[in-house]
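# Architecture at a glance
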Amino acid sequence: MVDVAEGAAAVVPGLPARRTGSWPFAAAISIAAAAAAVVLLAGTSWLDHPAVQAWRTVCLAITVQAFPFLLLGTVLSGAINAFVPADLLTRALPKRPALAVPVAGAAGAILPGCECASVPVANSLIRRGVTPAAAFTFLLSAPAINPIVLAATAVAFPGHPVMVVARLLASLATAAVMGWLWLWRGREEWLRPAVGHGGHRHGHSRWSEFRLGFQHDFLHAGGFLVLGAMAAATFNVAMPRSVLDAFSGTPWLSVLFLAALAVLLAVCSEADAFVAASLTGFSATARLVFMVVGPMVDLKLIALQAGTFGRAFAWRFSTATVVVAIAASAVIGGALL
């Protein structure tokens, strides 16, 4: 999957970025589409096996659940590129990157979408001159603290408003720390040069720029969303329920296990609170870890990041985010829950 992402990164100077290096990515999507068609439409007997049916259901559910928010994110990305003046975004944030990070984290509350929407928007912000640290902070906070997610958390945990507060604080802390960590240790060579349109160009219609930007971001991110959903469905179906019972009895193991489960299940942030609420055998802190890690790092998000920013960025950033999210959730959960 990530090899395909790297193959899509080649851009020859002076040529349109959308056409160069597109055939490996198109081949991967064609294979994924063909495999999905076989699983969904073929009538052979093995496809009626309960495990295969469960895999098909989970894969389709993840894709359908994330699709509207991916669509929202790519529309916003295209609109930012085509209609927002290049200097507006940079002027809206503090000049000092260290101060821009928490402001960008708080701004994540205005985007009613999940992690699939935040990746193309963050990429668009970087192309428009926003410091990567602030864009990555926004990428992490937007799917975790927006009003829809917080409202869903309140519904999933009725009578426990402290869980909503704990999720808000732990998610904001994780996003801000990761932004500052990128300022301190991040390197530009880890970021693959952004492809696609970088804003309105003289002599081109703004609607044409919007259409081309939306087309590129949607097809590019959508392909990796499908591949990530297929991987998440595989782990979801293959994990025995007995494993859940084996880990729930030990506090520190339950925290690590639910963090790993959040990465593998790839549940959309608007629905993960209900999944966490159903894990009644685990502690409140462990379930908080599940809700903080999931919107920031999961299989489909790693795939989207690898396809957008490159493999070197994706594995470093995702690993560090999991560690910071577990630490922040454990501290805040231990204090409040």
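Residues numbered from 1 in each chain as written. Predicted model: local features only at pLDDT ≥ 70, side-chain atom pairs only at ≥ 80, totals over all residues. Heavy atoms only, no water.

## Regarding the nonpolar core
Most often, soluble globular proteins keep nonpolar side chains buried together rather than apart. Here is the rule: Nonpolar cores were defined as sets of buried Ala, Val, Leu, Ile, Met, Phe, Trp, Tyr and Cys residues, with membership established by side-chain atoms within 4.5 Å. Burial classes follow relative accessibility: with a 1.4 Å probe on protein chains only, a residue under 20% of its type's maximum area counts as buried, one over 50% as exposed, and anything between as partly exposed. Secondary structure is summarised from DSSP: a helix means a run of H or I of at least four residues, a strand means a run of E of at least two, and numbering begins at the N terminus for each. Here, two residues are considered to be in contact whenever any of their heavy atoms come within 4.5 Å of each other.
Phe136, Leu258, Phe290, Val293 and Phe309 are the most contacted members of the largest nonpolar core, which has 65 residues in total. Take this core: its biggest share by element is ten residues, from helix H7 (residues 132–145). Apart from the residues within four sequence positions on either side, Leu258 is in contact with Leu279, Phe282, Ala286, Arg287 and Phe290. If you look at the next biggest cluster of nonpolar residues, it comprises seven residues, including Trp55, Val58, Cys59 and Ile62.

## Side note on the environment of Ala284
Mapped onto the elements of the fold, Ala284 is located in helix H14 (residues 284–293). A relative accessible area of 26% means that Ala284 is categorised as partly exposed. Sequence separation between Ala284 and Leu336 is 52 residues, and the spatial gap between their C-alpha atoms is 9.9 Å. For Ala284, the contacting residues outside a window of four places in its chain are Met163 and Leu337.

## Some remarks on the confidence of the model for the chain
Let me state the cut-off plainly: For every residue, the predictor reports its confidence as pLDDT, a number between 0 and 100.
Summarising the model, the chain shows a mean pLDDT of 76, and 72% of its residues fall at 70 or more. Ranking the elements of the chain by mean pLDDT puts helix H1 (residues 2–7) last with 39 and helix H9 (residues 161–185) first with 95. Confidence over residues 1–24 falls short of pLDDT 50; this stretch has 38 contacts with residues more than four positions distant or in other chains. The low-confidence segment residues 195–200, where pLDDT is below 50, has 25 contacts with residues more than four positions distant or belonging to other chains.

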